[in-house]
Every structure is written in C-alpha cells, then in structure tokens.
Amino acid sequence: MNTSAFYDVLVIGGGASSLAAAITAARAGKSVCIVERDVACGLKLLATGNGRCNLSNESIDPQRYNHPAFVESVMGPQPEQELMGFFSSLGIMTTSEEGRLYPRSLRAESVRDALLNVCDRLGITLICGANVASAHKASEGWALQIDRPARALKAKKHDDRKSELRSLRKALADVPRKNEALEAHAVIIATGG
Ligand SMILES: Cc1cc2nc3c(=O)[nH]c(=O)nc-3n(C[C@H](O)[C@H](O)[C@H](O)COP(=O)(O)OP(=O)(O)OC[C@H]3O[C@@H](n4cnc5c(N)ncnc54)[C@H](O)[C@@H]3O)c2cc1C
C-alpha cells in the first residue's frame, strides 16, 4: 500500500526564502518538509554577494519600493531588527560595509550552512533531487505526488565545489527514481523567480 507521509507544512523549493519559512514554521511547533529539485538546498545562496552574501542592509526603507504600504505590511515597522534577530538566532554574526550587512566570516557558505544546521536541529525533512508530479486538495489540506531518487546520489569526490556539483547533477540525471505520496495541512511555494 502506498502510504503518505504527513506534515503540517510542505515547502516546495529549497532556496533562502524556503529555508527561512521552514525554520519559522518549525519553531512554531509545526512538522515541516522541504522538497527541492536540485541536488541540495541553498545552492544559489553560495553565489550571492560575490560569494560573501549581502544578507541585509543597515537601513531598509519601504519608501524605496514600488508599493511602500504593501512592503511595510509584509516586513513590519522594524524590518532591520527582525532580520538581525533572525540571523543572530541562527548563530550568524554580521559585519557592515557601506550600509550592507555580510556574515562576519565574509563567506556565503556560512549563511547556507547555518540555515541547514538549524533545519537539521529542528528536524525539518529535506528531500532533494525531487520533482512535484501533481498536487491536489485533500480532506486534510494537500496531497502531492513526488518523484525522487530511489537511492542516495553517488558522485566522485572533487577538490572544487563546482566540479563536485556537476558530478552530483550528473548522478541525479542517471539515478533510478521512485514515486512517493506526501500530504500536508499547508503548502508554501518558494521556487524563486
Ligand atoms: C549572482 C547573484 C548574486 C546575488 N546576491 C545577492 C545578495 O548578495 N544579497 C541578496 O539579498 N540577494 C542576492 N541575490 C538575489 C538572491 O539570490 C535571491 O533573491 C534569492 O536567492 C531568492 O531566494 P528564493 O528562495 O526566493 O529563490 P532561489 O534561491 O532561487 O530558490 C528557489 C529554489 O527552488 C527550487 N525549485 C524551483 N522550482 C522547483 C520545483 N518545481 N520543485 C522543487 N524545487 C524547485 C530551485 O532549485 C531553488 O533551489 C543574488 C542573486 C544572484 C543571481
């Protein structure tokens, strides 16, 4: 019988916004699963800020956006403090350059690693290399069918990250796949632009 794993929150996409949303939901006591189609979560983060990740700014002024009222309603009256509080809760200390905030390590990896470590500590399930084949409303929320690698990806060890990533993506293209059913009360789509 094909039984479904059930989560309070299922997040489609494993980028920065997904990891932050998943952490927020898990901290609120929800069970969370992230479904990412690439070989790992947070890969785009590694390229941000020229590899240093400009994670926020000292001043975030809603008036600089096209729809200030909407931006303020989403970000609240003190977005700078909220963002700093969130990053500090992940264990990320920041440094500032011309009003731009970076992790003190000046390495984007440390931001990605901190997000993934906290996901791990909170028991968030990460399913990578997976495609969502279908999604429909169910009595308890949403029912999804995904297809995912049938076994862990094996790739040659490389000295540099780019070669290792290429090797993992090749392994993903070649690996046998299996279908899996997932259900969730709520689905967040965070698949980027
Ligand atoms: C070169 C570069 C430098 C940047 N520098 C900065 C910076 O310093 N500071 C800053 O704030 N922003 C920066 N940005 C912008 C920043 O990268 C994006 O705003 C941010 O990554 C958006 O995060 P996201 O989670 O919304 O999307 P993404 O990071 O794009 O994540 C989306 C994820 O969803 C996955 N996905 C997509 N479709 C599916 C699907 N159907 N099923 C499952 N998974 C799916 C993707 O594989 C991806 O992992 C930079 C962008 C670039 C390109």
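Everything here concerns the structure above.
The structure contained in this document is the topic of the report that follows.

**Structural notes on the site of the ligand**
Moving on, step 1. In the vicinity of the ligand lie 17 residues, with S17, E36, K44, G49 and N54 positioned nearest.
Moving on, step 2. With respect to the ligand, the backbone of R37 contributes an N or O atom lying 3.2 Å from a nitrogen atom.
Moving on, step 3. Note that an oxygen atom of the ligand is positioned 3.0 Å from one of the side-chain N or O atoms of K44.
Moving on, step 4. Across the complex, the protein chains shield 61% of the 990 Å² of accessible surface that the ligand would expose by itself.
Moving on, step 5. Put simply, the parts of the chain that give the shell around the ligand at least two residues each are α1 (16–27) and β2 (32–36).
Moving on, step 6. Class assignment of the residues belonging to the shell around the ligand gives a composition of 5 nonpolar, 9 polar and 3 charged.

**Concerning the packing of aromatic side chains**
Moving on, step 1. Taken as a whole and judged by the stated rule, the model has 1 aromatic pair.
Moving on, step 2. Centre to centre, the rings of F86 and F87 are 5.8 Å apart; their planes meet at 65°, and the pair counts as edge-to-face.
Moving on, step 3. Sitting over the face of the ring of Y102, R52 holds its NZ or CZ atom 4.3 Å from the ring centroid.

**A look at the sheet that holds strand β5 (residues 100–103)**
Moving on, step 1. Ordered by their spatial adjacency, 3 strands build an open sheet running β3-β5-β4, and the pairing between neighbours is antiparallel. Single-partner strands in this sheet number two, and they are β3 (56–57) and β4 (94–97).
Moving on, step 2. Across 2 bridges, the pairing between β3 and β5 is antiparallel. By the bridge assignment, S56 is partnered in β5 with L101.

**So, the environment of A190**
Moving on, step 1. Its place among the elements puts A190 in the segment after β9 (177–189).
Moving on, step 2. Residue classification places A190 among the buried residues on the basis of a relative accessible area of 14%.
Moving on, step 3. Along the chain, A190 and A47 lie 143 residues apart, while their C-alpha atoms are 18 Å from each other.
Moving on, step 4. Beyond its immediate chain neighbours, meaning those up to four positions away, A190 contacts V11, I12, G13, S17 and S18.

**Quick look at helix α3 (residues 79–89)**
Moving on, step 1. Those residues of α3 not exposed but buried are P79, E80, F86 and F87. Within α3, the buried residues cover an arc of 135° as seen down the axis, which keeps them to one side.
Moving on, step 2. Structurally, α3 contributes buried residues whose contacts are with α1, β3, α2 (68–75) and α4 (108–121).
Moving on, step 3. Positive backbone phi, at 90°, marks G91, one or two positions downstream of α3.

**Section: the pairing of strand β1 (residues 5–12)**
Side-chain direction in a regular strand flips from residue to residue, so the side chains alternate between the two faces of the sheet.
Moving on, step 1. Inspection of the sheet shows β1 paired to β9 by 7 bridges, in the parallel sense. Its bridge partner being in β9, V11 is matched across the sheet by I188.
Moving on, step 2. Two elements, β1 and β2, share 4 bridges in a ladder whose sense is parallel. Looking across to β2, one finds that V9 is bridged to V32.
Moving on, step 3. Running through α1, the crossover from β1 to the neighbouring parallel element β2 is right-handed.

Calculation notes
Residues numbered from 1 in each chain as written. Predicted model: local features only at pLDDT ≥ 70, side-chain atom pairs only at ≥ 80, totals over all residues. Heavy atoms only, no water. Near = heavy atom within 4 Å. Polar contact = N/O pair within 3.5 Å; in protein donor to acceptor, adjacent residues only side chain to side chain. Areas by Shrake-Rupley, 256 points an atom, 1.4 Å probe, with all protein chains shown as cover. Helix = DSSP H or I, 4+ residues; strand = E, 2+ residues; numbered from the N terminus. Nonpolar A, V, L, I, M, F, W, Y, C, P; charged D, E, K, R; others polar. Phe/Tyr/Trp six-rings, centres within 6.5 Å; stacked < 30°, edge-to-face > 60°. Lys NZ or Arg CZ within 6 Å of the ring centre and 35° of its normal. Pairing = 2+ DSSP bridges. Buried < 20%, exposed > 50% of the residue type's maximum accessible area, 1.4 Å probe, protein only. Contact = heavy atoms within 4.5 Å. Arc of directions from axis to C-beta. Right-handed = clockwise from strand over helix to strand, strands pointing away.

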